[in-house]
Amino acid sequence: MRTENMLLILGLIFSVFLLTFRIENGIEFLNVQLKFSIIDVALNTSMETYLNSAILGYLCYLIFIFVVWNKTNKNGKTLLMVYSILTLIGIGIELNLFYEGFNGTYSGKHFRIGIPLAIIGFYIVNRMNKTKLKNA
């Protein structure tokens, strides 16, 4: 299986199966949750009082961007730029949540768009493959 697909599958797994934990008084592992929501955003507060491992999915998507950047033609760069911006927003928000967790001010904020990022990523790879077939 190609590297691009493996990164997208790993990102999808980390977006659906979330390791939950708290970090106020050291790392306290809670459980693994299955969260199959397409888009789940709470930028102020929510009932979730724990952090999760969603940032691992975003990091897989970030590596995916680096892997496919030079393989994407000029027409595909626009979609890849949008994908990059969404991924970086997700990473930024998740890093801020960890900062809040270490300071004891975490209030349940989250930004989960890993499933749409995986779908868009597979679309980008599919388009890259079709372009290669046309040029061959």
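Description of the structure in this document.

About the cut-offs
Residues numbered from 1 in each chain as written. Predicted model: local features only at pLDDT ≥ 70, side-chain atom pairs only at ≥ 80, totals over all residues. Heavy atoms only, no water. Helix = DSSP H or I, 4+ residues; strand = E, 2+ residues; numbered from the N terminus. Expected span 1.5 Å × (residues − 1). Buried < 20%, exposed > 50% of the residue type's maximum accessible area, 1.4 Å probe, protein only. Polar contact = N/O pair within 3.5 Å; in protein donor to acceptor, adjacent residues only side chain to side chain. Contact = heavy atoms within 4.5 Å. Salt bridge = Lys/Arg side-chain N within 4 Å of Asp/Glu carboxyl O.

1. Here's the deal with helix α3 (residues 74-103)
If you check α3, its first and last C-alpha atoms are 44 Å apart, about what 30 residues at 1.5 Å a residue would give, namely 44 Å. Listed in full, the buried residues belonging to α3 are Gly-76, Leu-80, Tyr-83, Ser-84, Thr-87, Gly-90, Ile-91, Glu-94, Leu-97, Phe-98, Glu-100 and Gly-101. Immediately beyond the C-terminal end of α3, within one or two residues, lies Gly-104, with a positive phi of roughly 75°.

2. Description of helix α2 (residues 54-68)
Relative to the 21 Å expected for 15 residues at 1.5 Å per residue, α2 spans 22 Å between its end C-alpha atoms, a close match to the ideal helical length. Three or more residues of α2 are buried, namely Ala-54, Ile-55, Gly-57, Tyr-58, Cys-60, Tyr-61, Phe-64, Ile-65 and Val-68.

3. Some thoughts on the side chain of Thr-87
Relative to the elements of secondary structure, Thr-87 occurs in helix α3. Assessed through its relative accessible area of 0%, Thr-87 is described here as buried. A polar contact of 2.9 Å, which involves the side chain of Thr-87, links it to the backbone oxygen of Tyr-83. Every residue in contact with Thr-87, bar those within four places of it in the chain, is listed here: Tyr-58, Tyr-61, Leu-62, Ile-65 and Leu-117.

4. Considerations on the pattern of salt bridges
Here the structure, examined in full by the defined rule, presents 3 salt bridges. Across the pair Glu-4 and Lys-71 runs a salt bridge, and its minimum N-O distance is 2.5 Å. Taken together, the residues Glu-4 in helix α1 (residues 3-16) and Lys-71 in the loop between α2 and α3 connect sequence positions 67 residues apart. Looking at Glu-4, the relative accessible area reads 2%, which means it is buried. Here Lys-109 makes a salt bridge to Glu-100, at a shortest N to O gap of 3.0 Å. When its relative accessible area of 22% is taken as the criterion, Lys-109 is described as partly exposed. Taking the relative accessible area as the measure of exposure, Glu-100 reaches 9% and is therefore buried. Taken together, the shared-partner salt bridges in this structure form one network comprising Arg-2, Glu-4 and Lys-71.

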